[in-house]
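An overview of the molecular structure
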Number of protein chains: 2
Amino acid sequence: MVEGMVEVHSVFKTQERNAVYRAIATRRDVRRGFVDKPMPDELLRRLLSAAHCAPSVGLMQPSRFIVIRDLSVRGAIHEAFLEANERATATYSRGRREQYANLKLEGILEAPQNLCILSNPHSERGHQLGRHTMPETAIYSTVCAVQNLWLAARAEGVGVGWVSILDPDRLREILHVPERIVPVAYLCLGYVDSFAAEPELERSGWETRIPLEEVISYDQYTTTEEEGAH
Amino acid sequence: MVEGMVEVHSVFKTQERNAVYRAIATRRDVRRGFVDKPMPDELLRRLLSAAHCAPSVGLMQPSRFIVIRDLSVRGAIHEAFLEANERATATYSRGRREQYANLKLEGILEAPQNLCILSNPHSERGHQLGRHTMPETAIYSTVCAVQNLWLAARAEGVGVGWVSILDPDRLREILHVPERIVPVAYLCLGYVDSFAAEPELERSGWETRIPLEEVISYDQYTTTEEEGAH
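Since the model is a prediction, treat every value here as computed from it, not as a measurement.

Side note on the overall build of chain A
Scanning chain A from N- to C-terminus turns up eight helices and seven strands. Expressed as lengths along the three principal axes of its C-alpha atoms, the size of chain A is roughly 65 × 45 × 40 Å. Residue pairs in contact within chain A that sit at least 24 positions apart in sequence constitute 84% of those at least 6 positions apart.

Digging into the sheet that holds strand β5 (residues 182-191) of chain B
Read across the sheet, five strands follow the order β7(A)-β2(B)-β3(B)-β5(B)-β4(B) without closing on themselves; strand pairing throughout is mixed. Sheet topology places β7 (216-218) of chain A together with β4 (158-162) of chain B at the edges, where each strand pairs with a single neighbour. Each neighbouring strand pair of the sheet contributes to a mean axis angle of 25 degrees, computed without reference to strand direction. In this structure, strand β2 (residues 63-68) of chain B lies alongside strand β3 (residues 113-119) of chain B, joined through six bridges in antiparallel fashion. Within β3 of chain B, the position partnered with Val67 of chain B by the bridge is Leu115 of chain B. Those strands touched by helix α5 (residues 137-156) of chain B are β2, β3, β4 and β5 of chain B, and its axis lies near 5 degrees from that of β5 of chain B.

With respect to the relation of the copies chain A and chain B
With an axial shift of 0.0 Å and an RMSD of 0.0 Å, the rotation relating chain A to chain B amounts to 180 degrees. A rotation of that kind, with that shift, is consistent with a two-fold axis. Within chain A, Val20 of chain A has its C-alpha nearest the rotation axis, a separation of 2.6 Å. When the interface residues of chain A are mapped onto chain B, 100% of them are again interface residues, pointing to one common binding face.

Regarding the packing of helix α2 (residues 41-52) of chain B against α5 of chain B
Residues and elements named next belong to chain B. Closest axis-to-axis distance for the α2/α5 pair is 7 Å, and the angle between their directions is 145 degrees. Handedness of the crossing formed by α2 with α5: right-handed. Where α2 abuts α5, its residues Leu43, Arg46, Leu47, Ala50, Ala51 and His52 lie against Ala145, Asn148, Leu149, Ala152, Ala153 and Glu156.

A word on the pairing of strand β4 (residues 158-162) of chain A
Residues and elements named next belong to chain A. In terms of burial, β4 is largely enclosed, as five of its five residues are buried. Where burial is concerned, the two faces of β4 agree: the one with Val158, Val160 and Trp162 and the one with Gly159 and Gly161 are both buried. As defined by bridge partners, β4 adjoins strand β5 (residues 182-191) across five bridges and the pair is classed as antiparallel. Note that in β5 the partner of Gly159 across the bridge is Gly190.

Side note on the pairing of strand β2 (residues 63-68) of chain A
With five of six residues buried, β2 of chain A lies mostly within the body of the structure. Looking at chain direction, β2 of chain A and strand β7 (residues 216-218) of chain B are connected through three bridges and run parallel. Paired with Ile66 of chain A across the bridge in β7 of chain B is Ser217 of chain B.

A word on unusual backbone geometry
Its identity is not glycine, yet Gln128 of chain A carries a phi of approximately 65 degrees, on the positive side. Examined against the element boundaries, Gln128 of chain A turns out to sit in the loop between β3 (113-119) and α5 (137-156). In this structure, Gln61 of chain B is a non-glycine residue whose phi angle is positive, near 45 degrees. Along the polypeptide, Gln61 of chain B turns up in the loop between α2 and β2. The exposure class assigned to Gln61 of chain B is buried, which follows from the 27 C-beta atoms found within 10 Å.

Procedures and definitions
- Residues numbered from 1 in each chain as written.
- Chains lettered and ligands numbered in written order.
- Predicted model: local features only at pLDDT ≥ 70, side-chain atom pairs only at ≥ 80, totals over all residues.
- Helix = DSSP H or I, 4+ residues; strand = E, 2+ residues; numbered from the N terminus.
- Contact = placed C-beta atoms within 7 Å.
- Pairing = 2+ DSSP bridges.
- Axes fitted to C-alpha atoms, helices over the stretch in contact; angles between N-to-C directions.
- Least-squares fit on C-alpha atoms with pLDDT ≥ 70 in both.
- Left-handed = near helix turned anticlockwise from the far one by under 90°.
- Buried ≥ 20, exposed ≤ 12 C-beta atoms within 10 Å, placed from the backbone.

Rendered as structure tokens:
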């Protein structure tokens, strides 16, 4: 205990600890199944507060949030997705291309709202603390905010899907984002009735999960099997 | 409900939901106060599993973990911190330099263990899904893993401190990290008796927290007060 430091009740009860692990384990990337139930403003506020609580280098708090409900804006984003996705589809060879085309990769129009989370990595807030050697931690701080929001949403029964098949310049143009601000995550949010037990990309056979053992090493880096093979 | 999809019990009880918000709100960047109580292997395993559950673009799971207990390795990292911190200190002008010098910015040797979380952004896993337009999402996936671990640690009574005042090339050299692998976060982990009610950088007067209202906009980007001023 540091002198002068106000402490908070530190210990989590077993059920509380389990709830945190449950949110982590059952969080999914949700692109379908949004139900027709509006998200109250207080709920959105709780989710954004959770994001805003994220750690940030030097306490710079670089994260910015654009709540997107306007259907014409979402329509333009959806167009941008279709363009980017067409280009992505063309990169796959025959069998995989069919599999790719069958995946549901966004819920821009089906979800009742979208949220773009951005970062201002050049903010003077935080006075550069921690950013001399690793300036990328400014944007990493915003990614931590995304994950906070995602877990809070899981606990609220709200599905979140991250759409990265978007050209960042098109996104900037549609949302009037200045040059120095970086769009980090484009999310679709809405209530769902249920969450899948496994990731959609695993269920559909796109990719399998890698065992935890393969990615842990001790005191120095150990190349994984896959890395060694390439 | 999608056909063929196994669903999990979706709804969180109020206490469970509150526990998730509690972990998010009371998580702190911890650099002191580590107690002399070893972290059991099963605990570390739970934390790494939580990290490994993080969302990843295309289910590529690019995150890699190096658990660092060896004191000679930690000594070398600590040296690297001192060098980087000396250079950082020199960038501040008089008053702020003193304030900076008084901050506790790492717990490399005091914490019972360190953890380096890295990313393999070039992995072929995930078959490039979601990475054509935003390849940076590979590394973002690893940052999500960091935040998962941080929240799980809070629920376990384990303090986590992120040290970004390290030259990434030195870190690579000390931990034998290959060129293509990116060190994302260097963390100090250990049990603590309590967590501060507010961020250390706020308590010490280094920076204040920005109100949530200032960073939210609707349907298009709105420049914050600070951004407008610069």
